[in-house]
Amino acid sequence: MRSDKISRSLAVSLEGSGPEDWLDLIVEVGTPAPQEVSGSCRAEKIASLKDAFARRAGPVMDRIRCLGGEVTEQAWINGSLRARMLKRTIPDLSEESSVARLDLPHKILAEAK
């Protein structure tokens, strides 16, 4: 298991309850490097970003499915997937080179002004 890729809250959750429990998690595959993005207009750049995300996320989605999990959402704009997996399979997913970070879903709160 690559503990450097697993958030603290996910690590705590993995320690509790049984290995056959299911967890929803966020799988960060990262955003493309600037040289991976091409296009002269906004629409072409967005299409290029989506293609780069698909190339990065594809092998990770295949691995999630191979481990018996399910990809429930994709977010190309921030380079992440939402998946549902058995707890015992999450350490295997952390070994994937295309996985940057694994975390539990959480609400994003606005900063206080």
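In the block above lies the structure referred to throughout.
Cut-offs and rules
Here the residue numbering is sequential within each chain, running from 1 through the sequence in written order. Where local features are concerned, this predicted model is filtered to residues with pLDDT of at least 70; where side-chain atom pairs are given and counted, the filter is 80 or more; whole-chain, interface and lining totals use all residues. Side-chain measures here rest on the full set of heavy atoms in the structure, leaving out hydrogens and waters. The pairing criterion for strands is at least two bridges between them, as found by DSSP. Each helix is a run of DSSP H or I of at least 4 residues and each strand a run of E of at least 2, with the numbering of both proceeding from the N terminus. A fitted line through C-alpha atoms represents every axis, and for helices the fit uses only the stretch in contact; the resulting angles, taken between N-to-C directions, go from 0 to 180 degrees. Residue exposure (1.4 Å probe, protein chains only): buried if accessible area is under 20% of the type maximum, exposed if over 50%, otherwise partly exposed. The term nonpolar core refers to a set of buried residues drawn from Ala, Val, Leu, Ile, Met, Phe, Trp, Tyr and Cys, joined through side-chain atoms within 4.5 Å. Any two residues whose heavy atoms approach within 4.5 Å at even a single point are treated as in contact.

K.L.:
What's the story with the sheet that holds strand β4 (residues 101-103) in this structure? I'm lost.
P.N.:
Sheet strands line up and pair through hydrogen bonds in the backbone, either parallel or antiparallel. The strand order across the open sheet formed by four strands is β2-β3-β1-β4, and the pairing between neighbours is antiparallel. Among the strands making up the open sheet, the edge pair consists of β2 (70-75) and β4. Each adjacent strand pair in this sheet contributes to an overall mean axis angle of 25°, direction not counted. Here strand β1 (residues 22-28) runs beside β4; their pairing, made up of three bridges, is antiparallel.

K.L.:
Can you walk me through the pairing of strand β3 (residues 80-86) in this structure?
P.N.:
Look at any regular strand and the pattern is simple: side chains alternate between the two faces of the sheet. Within β3, five of the seven residues are buried, which leaves it mostly tucked inside the rest of the structure. In terms of strand pairing, β1 meets β3 through seven bridges, oriented antiparallel. Pairing of Asp24 across the sheet is with Arg84, part of β3. With five bridges connecting them, β2 and β3 associate as antiparallel partners. The residue of β3 that forms the bridge with Ala75 is Ser80. Here β2 folds back onto β3 in antiparallel fashion, the turn holding four residues, of which Gly79 has a positive phi close to 65°.

K.L.:
For this particular structure, what's the right way to read the nonpolar core?
P.N.:
In globular proteins that are soluble, nonpolar side chains generally tend to be buried together. Grouped together as the largest cluster of nonpolar side chains are 22 residues, with contacts concentrated most on Val27, Ile64, Leu81, Leu93 and Leu102. Elements supplying a minimum of two residues to this core: α1 (8-15), β1, α2 (42-66), β3 and α3 (90-94). The greatest single-element share of this core, amounting to five residues, is contributed by α2. Residue contacts for Leu93: discarding those within four places in its chain leaves Val27, Val60, Arg63, Ile64, Leu67, Met85, Val99 and Leu102.

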